[in-house]
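Observations on the model geometry
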Amino acid sequence: LTSLNLMHNRVGPEGARGLGEGLKDNTSLTSLNLRDNRVGDEGARGLGEGLKHNTSLTSLNLMVNGVGDEGARGLGEGLKDNTSLTSL
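Everything numeric in this text was worked out from a predicted model, so none of it was measured. (Residues numbered from 1 in each chain as written. Predicted model: local features only at pLDDT ≥ 70, side-chain atom pairs only at ≥ 80, totals over all residues. Heavy atoms only, no water.)

1. Some words on the sheet that holds strand S1 (residues 3-5)
In sheet architecture, strand pairing relies on hydrogen bonds along the backbone and comes in two forms, parallel and antiparallel. Convention followed: When DSSP finds at least two bridges between two strands, those strands are taken to pair. Think of it this way: any DSSP run of H or I at least four residues long counts as a helix, any run of E at least two long counts as a strand, and we number them from the N terminus. For every element, the axis is a line fit to its C-alpha atoms; helices are fit only across the contacting stretch, and the angle between N-to-C directions ranges from 0 to 180 degrees.
Strand order in the open sheet formed by three strands is S1-S2-S3, and the pairing between neighbours is parallel. Unpaired on one side and paired on the other, S1 and strand S3 (59-61) mark the two borders of the sheet. Within the sheet, the average angular offset between the axes of one strand and its neighbour, ignoring direction, is 0°.

Following this line, the structure appears as structure tokens:
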């Protein structure tokens, strides 16, 4: 699997944290669309944790997810170590 489109699926913070865990070990996914899933700050932090270890994801869509300053900081922390993501 290289592309996963979960747009408008009510993934929420808990689901986003789970996806972040999955990203840590995944080496094939290059595109993840989470548009309009109410991820929020908590979910964004979980995704950021996954991005720290992921080496394959190049595109992550988080539009319309209520990510604020705290979530953006969590994503930023993950991006410090990530070298593959080119589109956020």
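2. Here we look at helix H1 (residues 12-25)
For an α-helix, 3.6 residues make a turn, and residues three or four places apart therefore share a direction. Condition: For every residue, the accessible area obtained with a 1.4 Å probe (protein chains only) is divided by the maximum for its type, and the residue is called buried under 20%, exposed over 50%, and partly exposed between those limits. Relevant arc is that of directions from the helix axis to the C-beta atoms, nothing else. In this analysis, two residues are considered to be in contact whenever any of their non-hydrogen atoms come within 4.5 Å of each other.
Listed in full, the buried residues belonging to H1 are Gly12, Ala16, Gly20 and Leu23. For H1, the angular spread of buried residues about the axis comes to 115°, placing them on one side. With respect to the buried face of H1, the exposed residues turned more than 90 degrees away are Glu14 and Asp25. Packed against the buried residues of H1 are strand S2 (31-33) and helix H2 (40-53).

3. Considerations on the side chain of Asn65
Condition: Polar contact is the term for a pair of N or O atoms within 3.5 Å; when the atoms are in protein, one must be able to donate a hydrogen and the other to accept it, and sequence-neighboring residues count only if both atoms are side-chain atoms.
For Asn65, the position within the fold is in the loop between S3 and helix H3 (69-81). Of the polar contacts made by the side chain of Asn65, one reaches the backbone nitrogen of Asn37; its length is 2.9 Å. If sequence neighbours within four positions are ignored, Asn65 has contacts with Leu34, Arg35, Asp36, Asn37, Arg38, Val39 and Gly40.

4. Description of the side chain of Ser84
Tracing the backbone through its elements, the reader meets Ser84 in the segment after H3. When near neighbours in sequence (up to four residues on either side) are disregarded, Ser84 contacts Asn54, Thr55, Ser56, Leu57 and Thr58.

Fair warning: the whole summary comes from geometry, so function is off the table for now.
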